[in-house]
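These are the residues of each chain, in order.
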Amino acid sequence: IPTVSVFGVPVCKWGMKDTVAHLTNAVADKAPHHVITANPIMMMAAIENPEYKAMMQTAELIVADGTGLVWAAQKGGDPVAERVPGYELLHELMKQGERRGWKVYLLGSAPDVVKETARRLALQYPGTTIAGYRDGYFGPDQDQEVIDEIVKAAPDLLFVARGADTQEPWIAKYKDVLRVPVMMGVGGSFDVISG
Ligand code: UDP
């Protein structure tokens, strides 16, 4: 994977098309990937907190969500192809899932928001299966229960919509037990989809 280092974080240089192709192969190979669509909030967290930076460095794929990171890479003389926004990547992956019959698990946001997101994604991408969903308001004492539910559902895609401070460390901590081909934090995306 061609990357450029931005403040020590390896950001993939691929654009949307190559990113989607790579992750489509990951699903076919059942190879677990923690995908981070990096934004300035995460970069600030990485700069200020060595633990957050180390967590980011364990991700299988980091792409530049916004223009800030695209600019930073350009400024460093080693540009990335284009921005790969998390919200758009979610929909591009759903399109692949539509064609290939993938199973999808939605984790995060308020109960009514994730429920409506599941309903709308099922309508928009009827070739996919929403294998399960659950809200994002639970504590560490419920992690095991949530993990068991996801492992049982055996999805191809796991979208996690919690805050950036929570969603990425949570995926990083549990990805080896979750072993979902694509595990991606999507922030406020469910609020937009259900909206
Ligand atoms: N969220 C959640 N659990 C939490 C905190 C937030 O599921 O403990 C959800 C929230 O409902 C929203 C999404 O995470 O749908 C993004 O939240 P927010 O915009 O506050 O986070 P940010 O992206 O600003 O870090």
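Okay, so let's go over this structure.

Calculation rules
Residues numbered from 1 in each chain as written. Predicted model: local features only at pLDDT ≥ 70, side-chain atom pairs only at ≥ 80, totals over all residues. Heavy atoms only, no water. Helix = DSSP H or I, 4+ residues; strand = E, 2+ residues; numbered from the N terminus. Buried < 20%, exposed > 50% of the residue type's maximum accessible area, 1.4 Å probe, protein only. Lys, Arg positive; Asp, Glu negative; His and termini not counted. Salt bridge = Lys/Arg side-chain N within 4 Å of Asp/Glu carboxyl O. Polar contact = N/O pair within 3.5 Å; in protein donor to acceptor, adjacent residues only side chain to side chain. Contact = heavy atoms within 4.5 Å. Pairing = 2+ DSSP bridges. Axes fitted to C-alpha atoms, helices over the stretch in contact; angles between N-to-C directions. Right-handed = clockwise from strand over helix to strand, strands pointing away.

The topology assignment puts R162 in the loop between strand 7 (157-161) and helix 8 (164-178). Buried charged residue R162 carries no salt bridge. Nearest counter-charge: D143, at 5.2 Å. A polar atom in the side chain of R162 sits 3.0 Å from the backbone oxygen of G136. When residues no more than four places from it in sequence are discounted, the contact partners of R162 are G108, G136, F138, Q167, W170 and G187.

Strands sit in the order 4-3-8-7-5-6 across an open sheet of 6 strands; the sheet is parallel. The outermost strands of the open sheet, each flanked by one partner alone, are strand 4 (61-64) and strand 6 (129-134). Looking at each pair of strands side by side, their axes are set apart by 20° on average, direction ignored. In terms of strand pairing, strand 5 (residues 103-108) meets strand 7 through 5 bridges, oriented parallel. What sits directly across from Y105, in strand 7, is L158.

Here Q167 lies in helix 8. A distance of 3.1 Å separates a polar atom in the side chain of Q167 from the backbone nitrogen of G187. Other than its neighbours up to four places away in sequence, Q167 contacts M42, V160, A161, R162, G185, V186 and G187.

What follows deals with the pairing of strand 8 (residues 182-185). Residue alternation in strand 8 divides its side chains into two sets, V182 and M184 and M183 and G185, and both sets are buried. With 3 bridges joining them, strand 3 (residues 33-38) and strand 8 adopt parallel strand pairing. Paired with V35 across the strands is M184, a residue of strand 8. Bridge count between strand 7 and strand 8: 4 bridges; the pairing is parallel. Following the sheet pairing, L158 is matched in strand 8 by M183. Traced from strand 7 through helix 8 to strand 8, the parallel crossover comes out right-handed.

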